[in-house]
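Descriptive analysis of the structure
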Amino acid sequence: MSGGGEAAAIGAGQQPGDEAAAEQQQQQQADGEQKITPWDVTGGADGKVDYNKIVSDFGVSLLQQELVDRIERLTGRPAHPFLKRGIFFAHRDLGEVLDAYERGQPFYLYTGRGPSSEALHLGHLVPIMFTAWLQRAFNAPLVIQLTDDEKTLWRGLDQDEARRLARENAKDIIACGFDIGRTFIFSDFEYVGGPFYRHIVAIQRCVTMNQVRGIFGLTPEDNIGKIAFPAVQAAPSFPGCFPHIFGDRKDVKCLIPCAIDQDPYFRMTRDVAPRIGYDKPALIESRFFPALQGESGKMSASDANSAIFVNDTPKQIKDKINKHAFSGGGATLEEHRARGANLDVDVPWKYLNFFMEDDDKLAHIGREYGAGRMLTGEIKGELIRLLTDIVARHQAARAQVTDEVVDAFMAVRPMHEALATAGRRRA
């Protein structure tokens, strides 16, 4: 799954050599259309994504405040900033998962990463950080899929290189603070087989070629691996794929945190689930993380200046924000003082909303900058300090993740205790 990957960025990067697709996207944008797929995200004529249109087109539910309040009550924890600020804004059947949790029934989490770069950027971290919080808050087992096969099919990566990048990305994921006793990380190239493959085939039998083409926009010119792959990403939604965690239980619900562009995979999955004897997976879905150049820019692992990466140096972070972060401030000091900043387009302000934990400080910055009393250089300075600290802490944590630690997280080992102790938190 590439949830939070390049495709989860505003105006995601094109596949190499895909000039025809790029021209089509440009025409769609000129026509005022937006395109949201797991591989391509293109806003409308102004480059912005219309989230109301996504909600209507995809048929998801908005994440209402009462569900956020309920999460706080059930977990005894303050809501994550991503919840409070509407960054995770949509869901499918989240209430049913909370119902099960309240009854003391366990559920598990499933998220993933499509390894196509040496290091993750901040957009990749959003669903991973939130999943780590959910695991802690709900005491939940977790499976993390590394779709190295997907990147071979779509990006043309050599299989050995895709496998290597999967392990490198696993180190960044582990550094986000997951519980090894409750977390199983797996590479498709290494794990697919046995019960997992049997589930893939069961899913494939339930989905027609026309359905795949309609959901994902694939064409007869796409390789057959692309047509078959959606079943691979769907399979981890079902506990029978992981007998070393769930035994033969089929009644454990699955909750999937991901970016909204991954929703097409799971619309398909939810249609198949009752036909193969499972509950439909639930989803909690995030907005897109903007490129430094703004919502009409492209954030891509192949463009170092479009994003902040977790292996960037403090100087690189400072230079990227100062030179490339799109500003909503006034064109001149006088104009800025008179009219204030346009917070709707200002990238430093958007990044602070993702990563600044202090609600009061964030609100103060918004008031001062929006009124023109704080200058663009000042808000960029706040962001530089914040992200430099976040990246430094991540790098320190990652330095502790050895190959042996990766092997431990990826080992197929008995994890039934993780399920036995899941469910409603104990007093």
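Residues numbered from 1 in each chain as written. Predicted model: local features only at pLDDT ≥ 70, side-chain atom pairs only at ≥ 80, totals over all residues. Heavy atoms only, no water.

- As recorded by an unreviewed UniProt entry, the protein carries the name Tryptophan--tRNA ligase, cytoplasmic and is attributed to Raphidocelis subcapitata.
- According to the UniProt record, the Subcellular location (unreviewed entry) comment for the protein is "Cytoplasm".
- What UniProt records for the protein under Sequence similarities (unreviewed entry) is the sentence "Belongs to the class-I aminoacyl-tRNA synthetase family." (UniProt positions renumbered as here; feature names shortened; annotations may be inferred.)

Some thoughts on the overall build of the protein
- On a plain count of helices and strands, the protein comes out with 22 helices and nine strands.
- Summarising the internal contacts of the protein: among those between residues at least 6 apart in sequence, 80% fall at separations of at least 24.
- Split by element, the accessible area of the protein, about 17,500 Å² in all, is 48% carbon and sulfur. (Helix = DSSP H or I, 4+ residues; strand = E, 2+ residues; numbered from the N terminus. Contact = heavy atoms within 4.5 Å. Areas by Shrake-Rupley, 256 points an atom, 1.4 Å probe, with all protein chains shown as cover.)

Quick word on helix α21 (residues 403-410)
- Buried within α21 are the following residues: Val 406, Phe 409 and Met 410. Taken down its axis, α21 places every buried residue within 90 degrees of arc, on the same side.
- Those residues of α21 that are buried are in contact with β6 (142-146), α8 (159-174) and β7 (183-187). (Buried < 20%, exposed > 50% of the residue type's maximum accessible area, 1.4 Å probe, protein only. Arc of directions from axis to C-beta.)

Regarding the pairing of strand β4 (residues 88-92)
- A large share of β4 lies buried, amounting to five of its five residues.
- Where strand β3 (residues 61-62) and β4 come together, two bridges link them in antiparallel fashion. When the sheet's bridge partners are listed, Leu 62 is paired in β4 with Ala 90.
- When β4 meets strand β9 (residues 282-286), the two strands line up antiparallel, connected through four bridges. Across the sheet, the residue bridging to Ala 90 is Glu 285, located in β9. (Pairing = 2+ DSSP bridges.)

Comments concerning the pattern of salt bridges
- Enumeration according to the criterion identifies 29 salt bridges in this entry.
- Notably, a salt bridge pairs Asp 93 with Arg 270, separated by 2.9 Å at the nearest N-O pair. One end of the pair, Asp 93, is in the loop between β4 and α5 (94-102); the other, Arg 270, is in helix α15 (residues 263-272), and 177 residues separate them in sequence.
- Classification of Arg 270 by relative accessible area gives buried; the value is 12%.
- The salt bridge involving Asp 160 is made with Arg 163; its shortest N-O contact spans 3.4 Å. Taken together, the residues Asp 160 and Arg 163, both in helix α8 and three residues apart, mark about one turn of the helix.
- On the basis of relative accessible area, Asp 160 is assigned to the exposed category, the value being 52%.
- Linked by salt bridges that have partners in common, Arg 167, Glu 168, Lys 171, Asp 172, Arg 398, Asp 403 and Asp 407 make up one network. (Salt bridge = Lys/Arg side-chain N within 4 Å of Asp/Glu carboxyl O.)

Regarding the environment of Ala 408
- In this fold, Ala 408 is placed in helix α21.
- Measuring from C-alpha to C-alpha, the distance between Ala 408 and Phe 184 comes to 8.9 Å, with 224 residues separating the pair along the chain.
- The contacts of Ala 408, once residues within four sequence positions are left out, are Ile 180 and Arg 413.

Side note on the environment of Ser 286
- The residue Ser 286 is located in strand β9 in this model.
- With residues up to four places along the chain from it excluded, the contact list for Ser 286 reads Ile 87, Phe 88, Phe 89, Cys 258, Ala 259 and Ile 260.

Thoughts on helix α20 (residues 376-399)
- For α20, which comprises 24 residues, the first-to-last C-alpha distance of 34 Å matches the rise-based estimate of 34 Å (1.5 Å per residue) to within 8%.
- Within the span of α20, buried status applies to Thr 376, Ile 379, Lys 380, Gly 381, Glu 382, Leu 383, Ile 384, Leu 386, Leu 387, Ile 390, Val 391 and His 394.
- Buried residues belonging to α20 abut α6 (122-138), α8, α16 (314-324), α17 (333-339), α18 (347-355) and α19 (359-370). (Expected span 1.5 Å × (residues − 1).)

Notes on the pairing of strand β5 (residues 107-113)
- Most of β5 is tucked away, with seven of its seven residues classed as buried.
- As defined by bridge partners, β5 adjoins strand β8 (residues 253-259) across three bridges and the pair is classed as parallel. Bridging from a neighbouring strand, Tyr 108 pairs with Cys 254 of β8.
- In the sheet, β5 pairs with β6 via five bridges, with the strands oriented parallel. Within β6, the position partnered with Tyr 110 by the bridge is Val 143.

Digging into the side chain of Gln 34
- Within the secondary structure, Gln 34 is located in the loop between α1 (19-30) and β1 (35-36).
- Note on Gln 34: relative accessible area 15%, which makes it buried.
- Engagement of the side chain of Gln 34 in a polar contact is seen with the backbone nitrogen of Asp 50, the distance being 2.7 Å. (Polar contact = N/O pair within 3.5 Å; in protein donor to acceptor, adjacent residues only side chain to side chain.)

Focus on the sheet that holds β6
- Taken together, seven strands build an open sheet; the order of strands is β3-β4-β9-β8-β5-β6-β7 and the sheet is mixed. Both outer strands of the open sheet, β3 and β7, are each paired with one neighbouring strand and no more.
- Sheet analysis places β8 next to β9, joined by five bridges and oriented parallel. Across the sheet, the residue bridging to Leu 255 is Ala 282, located in β9.

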